[in-house]
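Here's the letter readout for the chains.
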Amino acid sequence: MTTLSAPAGTDSSRPDQLVVASVPAGHVYVRHLAPETGPGAVRLPDPDPDSPERSAVEKWWPPVMLDPRWAAEADFDLMHLQFGFDSCSLEQLRELVATLRRRGKPLVFTVHDLRNPHHLERGVHDAQLDVLVPAADAVVTLTRGAAAEIRRRWDREALVLPHPHVVDLPTMALAQQARAHRRTDRFRVGVHAKSLRASMDPLRILPTLVDTVRGLPGAVLQVNVHHDVHDRDGARHDAELTAYLDSGQARGDLELAVHDFLPDADLWDYLSSLDVSVLPYRFGTHSGWLEACRDLGTTVVAPSCGYFADQGPVLGYVHDEERGFDPDSLAAAIVEAHRSRPRLGVGVEERRTQRAEVAAAHERLYRAVAAR
């Protein structure tokens, strides 16, 4: 097993600089936990799963750092687990925790998902959380609602630190300027089904959106979906959804865009083109998509499941596993967005201040657990 060194450009020789095994390190959320300028903790680069002695640029899953053999030999001060542990068995997670304990390496765990959006059933994820939450030396989460659930389920107090910006700040500034100077009566409502992960139920909400948007002056409904769902030979092909979308486009009820995974620049352009992005989730916890929309000034219509509304201002509708779907609440949210054109985004300077505060809070937390 090769021990990874600090990434190029960092001064790991500084005695006051902590080295963090961050799982993952390359994800945009984790990158934006670092201060914009000035020193901070060194986060080891993600090992390439196909060749752990090399660092990975994009590919980090399944995370090599969660292999107990890696944790037993690598040089770091503490581990900070964000996500990616859905690739691990319960036995592997227990062995990882035991390895960290044996080496005296603290574990910080940020609970992003209390209900895994990729799992139809919650049992496996719940069991994984039952290993990690009690074992962590410190627990972090993104919202007060999630912290309350963590307290209720495990009697642990979680430090609440908000999700930092997703879009890079220069792009965010340009997008917000462009939106402020936009001159059009067109009102564009978007639903992105992506690759139709388990938490999504777009077919349940689309008839309401079609009927509602049809009655609003200048309104257009745009639906995006990946080729693997739409194409007949796609790995996740959904014939019922595809038929609905194709016929809706033929009737002029919606504009359909079929594509593969969008690079960041194209994704920001897409979100910036929308007035409203409707999240078609029936379960979940938090959303990076929601944060990107806030960065770009796109109003989010969010379901009642999870703690999306705790992340920032949204228009809400009822869609969850307990109450089901309330079409009237979704229609009302779209009508209100069309009527008032709310400005629910977040400014660049506010994001810059938030990032500095979140980075400082993580640094304090790291030092506190490392000193125990």
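Higher on the page you've got the structure.
Residues numbered from 1 in each chain as written. Predicted model: local features only at pLDDT ≥ 70, side-chain atom pairs only at ≥ 80, totals over all residues. Heavy atoms only, no water.

Caption draft 1: View of the overall build of the chain. Looking only at helices and strands, the chain has 14 helices and 16 strands in total. Its C-alpha atoms give the chain a radius of gyration of 22 Å, within 12% of the compact-globule value 21 Å for 372 residues. By principal-axis analysis of the C-alpha atoms, the chain measures approximately 65 × 40 × 40 Å. Counting every position in the chain, which comprises 372 residues, the buried fraction comes to 55%. If you sum the accessible surface of the chain, you get close to 16,600 Å²; carbon and sulfur atoms cover 50% of it. In the chain, which carries 42 positive and 53 negative side-chain charges, the distance between the mean positions of the two groups comes to 4 Å. (Helix = DSSP H or I, 4+ residues; strand = E, 2+ residues; numbered from the N terminus. Rg over C-alpha atoms; globule rule 2.2 N^0.38 Å. Buried < 20%, exposed > 50% of the residue type's maximum accessible area, 1.4 Å probe, protein only. Areas by Shrake-Rupley, 256 points an atom, 1.4 Å probe, with all protein chains shown as cover. Lys, Arg positive; Asp, Glu negative; His and termini not counted. Charge placed at Lys NZ, Arg CZ, Asp CG, Glu CD.)

Caption draft 2: Main features of the layout of surface pockets. The computed volume of the second largest pocket comes to approximately 500 Å³. Contributing to the lining of the second largest pocket are 19 residues, with R179, D275, G297, R341 and R343 lying nearest its centre. Broken down by element, the lining of the second largest pocket gets its largest block of residues, three residues, from helix α6 (residues 169-180). Here the residues of the lining of the second largest pocket are counted per class, giving six nonpolar, six polar and seven charged. (1 Å grid on protein atoms, 1.4 Å probe; cavity = no way out; pocket = protein on both sides within 12 Å on 5 of 7 lines; lining within 4 Å. Points joined across faces, edges and corners; volume = space filled by probe spheres on them. Nonpolar A, V, L, I, M, F, W, Y, C, P; charged D, E, K, R; others polar.)

Caption draft 3: A look at the environment of R339. When you line up the elements, R339 lands in helix α13 (residues 327-340). For R339, a relative accessible area of 61% gives the class exposed. Spatially, the C-alpha atom of R339 lies 32 Å from that of A243, the residues being 96 residues apart in sequence. Reaching out from R339, the side chain makes a polar contact with the side chain of E336 at a distance of 2.8 Å. (Polar contact = N/O pair within 3.5 Å; in protein donor to acceptor, adjacent residues only side chain to side chain.)

Caption draft 4: The side chain of T208, seen in detail. Following the sequence through the fold, T208 ends up in helix α7 (residues 202-214). Relative accessible area serves as the criterion here: at 13%, T208 is assigned to the buried category.

Purely geometric numbers; function is a separate question.
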